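Residue-level listing of the chains:
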Amino acid sequence: MQTETQPETSSPKRFQSPSVFAWVILIVFLAFFLQGLGSADISVMRLVKGSQNLGQFFASAIPPSTSRLDVIAKAMLETMNMAIVGVTFGVILSLPIALLCARNTSPHFLVRVVMINLVATLRTIPDLIWALIFVVAVGLGPLAGILAIIMDTIGFCARFFAERIEEINPKPGVALKASGASRTSVIAGAVLPECFPSFVATSLYSVEKAVRSAVVLGLVGAGGIGVELTSAMNLFRYKEALTIILVVLIVVILVEQVSKAVRARIM
Amino acid sequence: MDVVINGVGKTYPDGTEVLRNVDLTIGSGEGVVLLGANGCGKSTLLRCMLGLETLSQGTISLGGQSVSQLKGRQLRQLRSQIGSVFQQFNLVGNLSVFQNVLFGRLGNDGLLRSLNLTCSQENRERAMYCLDRVGLAQFAAKRTDSLSGGQQQRVAIARMLMQDVRIVFADEPVASLDPKAGREVMDLLFEVVHEHKLTVVCVLHQLELANEYAQRLVGLKAGRVVLDLPPNKASKAELAALYDREIDSAELLNGTEGACYAN
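1. Points about the pattern of salt bridges
Stage number 1. In total, this model carries 24 salt bridges over all chains according to the counting rule given.
Stage number 2. Across the salt bridge formed by Glu163 of chain A and Arg159 of chain A, the nearest N and O atoms sit 3.3 Å from each other. Remark: Arg159 of chain A and Glu163 of chain A occur in helix H6 (residues 142-166); sequence separation between them is 4 residues, near one turn of the helix.
Stage number 3. Looking at Glu163 of chain A, the relative accessible area reads 34%, which means it is partly exposed.
Stage number 4. Judged by relative accessible area, which is 36%, Arg159 of chain A ranks as partly exposed.
Stage number 5. A salt bridge links Glu53 of chain B to Lys10 of chain B, with the nearest nitrogen and oxygen atoms 3.7 Å apart. Placement of Glu53 of chain B in the loop between helix H1 (42-49) and strand S4 (57-62) and of Lys10 of chain B in strand S1 (residues 3-11) is noted, with a sequence separation of 43 residues between them. With respect to burial, Glu53 of chain B and Lys10 of chain B carry one shared label: buried.
Stage number 6. Here the salt bridges do not stand alone but share partners, grouping Arg68, Glu228, Arg237 and Glu240 of chain A into one network.

Structural data, given as structure tokens:
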């Protein structure tokens, strides 16, 4: 055994005071939190009243009414249509955009910067705002919803497609290039096949996302079951509203399960 | 196809000097094995010969065409006559073996005539012939990444056969294979090379394989050609200097089973 010698540097302190930067962040956060709590006007009275109202809503909504199930089913179908059509076009458009965004396939640095920022903008604007814009542009109905979903899908898919493309193993592509293949051939022959399973998984996830957002898009008049839900709520037809909510719940869960099963198979 | 490398230097943007004034002439149909320690510039030299790297100095010409002066279609046309075999096989793993062989036509025939779905019957038959030549016809429909390393390297050779090459660059073709599979791949590669009277430049780390298959050994050290001899003529001292280490005489014997690897 060696005799214990004390190292020259002493052990770190048990507690180290956070940096000034961390203090500033913490104080700003606390200020916003307390102000938010104050402005929401939270009181025990309101919470009790709120739960009573909620109870009343459910009491008058149960049992859900099936009288307009056919109309609701049709609206749900329209919602699904919007999601599927929107995602399909979104994914088709995402592919070339992703190739322009990815470091290893983009033809030029400037093209890449422009496309990355374009995609980031599409992603930053929420789907509901896209729907409001397109309702102004093309009028009420599913077309506005489809266009909103296309924008949302590009913002999501183009980014993840590009990230996947940047992760590819470059070697098979180099081999094709070394045998005289053109840029397009390398992309089609080596890059896309390797990314394909991931692209499918991302697209399926995007379908799930689009079904959920297509439900909400109807609230601003962009077609689908959301339109039915707002009118049912506004007219105090709570039994019908509950039916709609249950139908949405079942469909969203179904879509998620199917998509999950397919993704588990291909990945 | 002959190779003339004249005063080639390559310095990377970060200042690393990989090749310094390399002069090397390889005759048509000659079989050259490049030797040298890791990082001595062997792979960079091959990449320069393919026009995948720009040269800092000097010229490289293949069959009378200067690689560094060619661009676009002409460069691709030249590359389509060069077959490459890589250490990691570099096949597209999640496509079929058949499709990977068909990709040998990309340089000559373009994308549509190289895809299984759209290519000509002639190319399909030829791809099957090439696969049969490397003994893997029964694996045509399999996913490429389900094959063993030795089999994948044979698929890469089939892809090269599909390509109509005049010269072969092999970059450590057996470094990731076990000795038995490595020997099978070397035998197949050199059979193909001799059948078609191809020029071959092969980077190897196994001295006994080098002595057995090469017509000429070229040693690189720190980016310079320091050795240029017929096989079995290199002395232990010369090889030791190449790798900065002792060389065991067993490594130099032809056909030693369970060969020692230089790395």
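2. Digging into the pairing of strand S8 (residues 199-203) of chain B
Residue and element names in this part refer to chain B.
Stage number 1. Burial within S8 is extensive, with 5 of its 5 residues counted as buried.
Stage number 2. Covered by surrounding structure in S8 are Thr199, Val201 and Val203 together with Val200 and Cys202, the residues of both alternating faces.
Stage number 3. For strand S3 (residues 31-35) and S8, the ladder comprises 4 bridges, and the chain directions are parallel. The partner of Val33 across the bridge, within S8, is Cys202.
Stage number 4. Relative to S8, strand S7 (residues 167-171) runs parallel, the two sharing 5 bridges. Looking across to S8, one finds that Ala170 is bridged to Cys202.
Stage number 5. Each parallel crossover has a hand, and for S7 linked through helix H7 (residues 179-195) to S8 it is right-handed.

3. Re unusual backbone geometry
All names here are of chain B.
Stage number 1. Positive phi outside glycine occurs at Asn21, with the angle close to 50°.
Stage number 2. Topologically, Asn21 is positioned in strand S2 (residues 17-26).
Stage number 3. The class for Asn21 is exposed, based on a relative accessible area of 52%.
Stage number 4. The backbone of Lys197 shows a phi angle near 50°, a positive value even though the residue is not glycine.
Stage number 5. Tracing the backbone shows Lys197 in the loop between H7 and S8.
Stage number 6. Take Lys197: its relative accessible area is 70%, and that puts it in the exposed class.

4. Focus on the packing of aromatic side chains
Residue and element names in this part refer to chain A.
Stage number 1. Following the criterion strictly, the structure yields 9 aromatic pairs over all chains and no others.
Stage number 2. Taking the centre distance of 5.6 Å and the plane angle of 40° together, the rings of Phe156 and Tyr205 count as tilted. Taken together, the residues span a long stretch of sequence, with Phe156 in helix H6 and Tyr205 in helix H8 (residues 183-217) at a distance of 49 residues.
Stage number 3. Residue class for Tyr205 comes out partly exposed when judged on its relative accessible area of 32%.
Stage number 4. Pairing Phe161 with Phe199 gives two aromatic rings, centres 4.2 Å apart and planes at 25°, and the pair type is stacked.

5. Some points on the packing of helix H3 (residues 69-101) of chain A against helix H10 (residues 238-266) of chain A
All names here are of chain A.
Stage number 1. At a closest axis distance of 11 Å, the pairing of H3 and H10 adopts a crossing angle of 40°. As summarised for this structure, H3 and H10 are arranged oblique, according to the angle between their axes. Crossing handedness for the pair H3 and H10: right-handed. Together, Leu69, Ile72, Met76 and Met80 of H3 and Glu240, Thr243, Ile244, Val247, Val248, Val251 and Val255 of H10 make up the contact between the two elements.

6. Structural notes on the domain arrangement of chain A
Stage number 1. We note that the domain assignment places domain 1 (21-59) and domain 2 (69-266) within chain A.
Stage number 2. The straight-line distance from the C-alpha centre of domain 1 of chain A to that of domain 2 of chain A is 34 Å.

7. Here's the deal with the packing of helix H5 (residues 121-133) of chain B against helix H6 (residues 149-162) of chain B
Residues and elements named next belong to chain B.
Stage number 1. At a minimum axis distance of 9 Å, the contact between H5 and H6 shows a crossing angle of 135°. Considered as vectors, H5 and H6 are oriented oblique to each other. Handedness of the H5/H6 crossing: right-handed. Contact residues: H5 offers Asn123, Arg126, Ala127, Cys130, Leu131 and Arg133, while H6 offers Ala158, Leu161 and Met162.
Stage number 2. By residue class, the composition of the contact of H5 with H6 is 6 nonpolar, 1 polar and 2 charged.

8. Looking at the sheet that holds S3 of chain B
Residue and element names in this part refer to chain B.
Stage number 1. Here we have 6 strands laid out as an open sheet, ordered S6-S7-S8-S3-S9-S10, and mixed in their pairing. Edge positions in the sheet fall to strand S6 (82-85) and strand S10 (224-229), since each has one partner strand and no second. Strand-to-strand twist across the sheet, computed as the mean angle between neighbouring axes with direction ignored, equals 20°.
Stage number 2. As judged from the 4 bridges shared by S3 and strand S9 (residues 216-221), these two strands associate in the parallel manner. Looking at S9, one finds that Val33 is bridged to Leu217.
Stage number 3. Of the strands in this sheet, S3, S9 and S10 are in contact with helix H9 (residues 236-243), which crosses S10 at around 155°.

9. A word on a nonpolar patch on the surface
All names here are of chain A.
Stage number 1. Nonpolar side chains collect at one region of the surface, where Trp23, Leu26, Ile27, Phe29, Leu30, Phe33, Leu34, Leu37, Ile42 and Leu47 lie side by side and expose about 1000 Å² of accessible area between them.
Stage number 2. The leading source of residues in the nonpolar patch is helix H1 (residues 20-39), at 8 residues.
Stage number 3. Along the chain, Trp23 turns up in helix H1.

10. Observations concerning the confidence of the model for chain B
Residue and element names in this part refer to chain B.
Stage number 1. Mean pLDDT over chain B works out to 84, with 93% of the residues at or above the 70 mark.
Stage number 2. Mean pLDDT values for the elements of chain B range from 63 in helix H10 (residues 249-252) up to 92 in helix H3 (residues 97-102).
Stage number 3. In the model, residues 254-263 has pLDDT below 50 throughout and makes 21 contacts with residues more than four positions away in sequence or in other chains.

11. Points about the interface of chain A and chain B
Stage number 1. Facing the 18 residues of chain A at the interface are 21 residues of chain B.
Stage number 2. Carbon and sulfur atoms supply 66% of the area that chain A and chain B bury against each other, a total of about 1600 Å² over both sides.
Stage number 3. Applying the counting criterion to the chain A and chain B interface returns 2 residue pairs in polar contact (both at pLDDT 80 or more).
Stage number 4. Elements with a minimum of two residues in the side of chain A that touches chain B: helix H7 (170-178) and H8 of chain A.
Stage number 5. Counted by class, the side of chain A that touches chain B contains 10 nonpolar, 5 polar and 3 charged residues.

Reading the values: rules and limits
Each chain has its residues counted from 1, following the order in which its sequence is written. Here chains are named by letter from A upward and ligands by number from 1 upward, in the order in which they appear as written. Owing to the predicted nature of the model, reporting of local features is limited to residues with pLDDT of at least 70; listing and counting of side-chain atom pairs is limited to 80 or more, with chain, interface and lining totals taken over all residues. Heavy atoms throughout the structure, all of them, feed into the side-chain values; hydrogens and water do not. Any Lys or Arg side-chain nitrogen found within 4 Å of a carboxyl oxygen on Asp or Glu counts as a salt bridge. A run of H or I in DSSP counts as a helix once it spans at least four residues, and a run of E counts as a strand once it spans at least two, with each numbered from the N terminus. Residue burial is assigned from relative accessible area. The probe radius is 1.4 Å, only protein chains are included, and a residue is buried under 20% of its type maximum, exposed over 50%, and partly exposed in between. Pairing between strands requires that DSSP locate at least two bridges from one strand to the other. Orient the strands so they point away from the viewer; a crossover is then right-handed if the path from the first strand over the helix to the second runs clockwise. Note on ring pairs: Phe, Tyr and Trp rings are taken, using the six-membered ring of Trp, and paired if centres are within 6.5 Å. Classes follow the plane angle, with under 30 degrees stacked, over 60 edge-to-face and the rest tilted. All axes are obtained by fitting lines to C-alpha atoms, using only the stretch in contact for helices, and the reported angles, taken between N-to-C directions, cover 0 to 180 degrees. Orientation categories follow fixed angle ranges, with anything under 35 degrees roughly parallel, anything over 145 roughly antiparallel, 65 to 115 roughly perpendicular, and all other angles oblique. Each crossing gets its hand from how the near helix is turned against the far one by less than a right angle, where anticlockwise is left-handed and clockwise is right-handed. In what follows, a contact means two residues having at least one pair of non-hydrogen atoms within 4.5 Å. The source of the domain bounds is an automatic or database domain assignment. Here the term charged refers only to Asp, Glu, Lys and Arg, the term nonpolar to Ala, Val, Leu, Ile, Met, Phe, Trp, Tyr, Cys and Pro, and the term polar to all other amino acids, Gly among them. In this scheme, patches are assembled from residues that exceed 30% relative accessible area and form no salt bridge. Like charges are connected within 9 Å, while nonpolar side chains (Val, Leu, Ile, Met, Phe, Trp, Tyr) are connected within 5 Å. Values of accessible area rely on a 1.4 Å probe in the Shrake-Rupley scheme; residue burial ignores everything except the protein chains shown. pLDDT is a per-residue confidence score from the predictor, ranging from 0 to 100. Once two parts are brought into contact, the accessible area they lose, counted with a 1.4 Å probe and summed over both, makes up the buried area. As used in this structure description, the phrase polar contact means that two N or O atoms lie within 3.5 Å; if the pair is within protein, one of them must be able to donate a hydrogen and the other to accept it, and residues adjacent in sequence are counted only when both atoms belong to side chains.

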